[in-house]
Amino acid sequence: QVQLVESGGGLVQPGGSLRLSCAASGSIFDIYALGWYRQAPGNQRELVAAITSGGSTNYADSVKGRFTISRDNAKNTVYLQMNSLKPEDTAVYYCNADVIVPQGGSYDYWGQGTQGTVSS
């Protein structure tokens, strides 16, 4: 079993910053891709940013230039630095991991979500 534990959400004013962290633990052989998704009320869950084990990244157009995804492979941890936050960034942010387990095969895991609210 694999667990993803997120932290770092909170309330921030427009223009402010938040840094999210997500640590994976459990039966992990390797992690191919790590990503952050978000879901605002009434909206579908959407990809915010993702990073592969090799360091390749991709971002939603709405966050390019403001958000930065990074990972620490030794700690099985992914980070999302969010700058110049806007009210429309308000959402529950979910961590996602494409995990290769020791028994073979890859599986998709999700964190429990952390709320990020941008409001004055």
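Here, residues in each chain are numbered from 1, in the same order as that chain's written sequence. With the structure being a predicted model, the display of local features is reserved for residues of pLDDT at least 70 and the display and counting of side-chain atom pairs for 80 or more, all residues being used for whole-chain, interface and lining totals. Hydrogens and water are ignored here; the side-chain numbers use all heavy atoms of the structure.

> Would you mind going over the pattern of salt bridges with me for this structure?
Oppositely charged side chains can form a pair if their charged atoms are brought close together. Basic side-chain nitrogens of Lys or Arg form a salt bridge, by our definition, when they fall within 4 Å of a carboxyl oxygen of Asp or Glu. Applying the stated criterion to the full structure yields four salt bridges. For Asp-61, the salt bridge goes to Lys-64, with nearest N and O atoms at 3.1 Å. Judged by relative accessible area, Asp-61 falls into the exposed class, the value being 64%. Of the charged contacts, one joins Arg-66 and Asp-89 as a salt bridge, the two residues approaching to 2.7 Å between their closest N and O atoms. Of this pair, Arg-66 sits in the loop between β6 (57-59) and β7 (67-72) while Asp-89 sits in the loop between β8 (77-82) and β9 (91-100); the two residues are 23 residues apart in sequence, bridging distant segments of the chain. Overall, the relative accessible area of 11% leaves Arg-66 in the buried class. Relative accessibility thresholds used throughout: buried, under 20% of the residue-type maximum; exposed, over 50%; partly exposed, between the two (1.4 Å probe, protein chains only). Elements are defined by DSSP. Helices are runs of H or I of four residues or more, strands are runs of E of two residues or more, and each kind is numbered from the N terminus.

> I would appreciate a short explanation of the pairing of strand β1 (residues 2-7) in the present structure.
Remember that side chains alternate between the two faces of the sheet whenever the strand is regular. Side chains Val-2, Leu-4 and Glu-6 of β1 all project onto a buried face; the interleaved residues Gln-3, Val-5 and Ser-7 project onto a face where none is buried. Two strands are said to pair when DSSP picks up at least two bridges between them. Two elements, β1 and strand β3 (residues 18-26), share six bridges in a ladder whose sense is antiparallel. By the bridge assignment, Gln-3 is partnered in β3 with Ser-25.

> Sorry if this is basic, but what is going on with the state of the cysteines here?
Here, disulfide denotes a covalent bond that connects the sulfur atoms of two cysteines. What counts as a disulfide here is a pair of cysteine sulfur atoms lying within 2.5 Å. Within this structure, the stated rule accounts for one disulfide. One disulfide in the model links Cys-22 with Cys-95; its S-S distance is 2.1 Å. Judged by the torsion about the S-S bond (-80°), the Cys-22/Cys-95 disulfide is left-handed. Here the residue Cys-22 occupies a position in strand β3, and Cys-95 occupies one in strand β9, the gap between them amounting to 73 residues. Using a relative accessible area of 1% as the deciding quantity, one classes Cys-22 as buried. For Cys-95, a relative accessible area of 0% puts it in the buried group.

> Even after reading the chapter, I still don't get the sheet that holds β3, so can you show me in this structure?
The pairing of strands in a sheet happens through backbone hydrogen bonds and is either parallel or antiparallel. Here four strands make up an open sheet; going across it, the order is β1-β3-β8-β7 and the pairing antiparallel. Of all strands in the sheet, those with a lone pairing partner are β1 and β7, marking the two edges. Neighbour-to-neighbour, the strand axes of the sheet open up by a mean angle of 15°, direction not taken into account. The sheet contact formed by β3 and β8 spans six bridges and is antiparallel. Orientation is described by axes fitted as lines to C-alpha atoms, over the contacting stretch for helices, and by angles from 0 to 180 degrees between their N-to-C directions.

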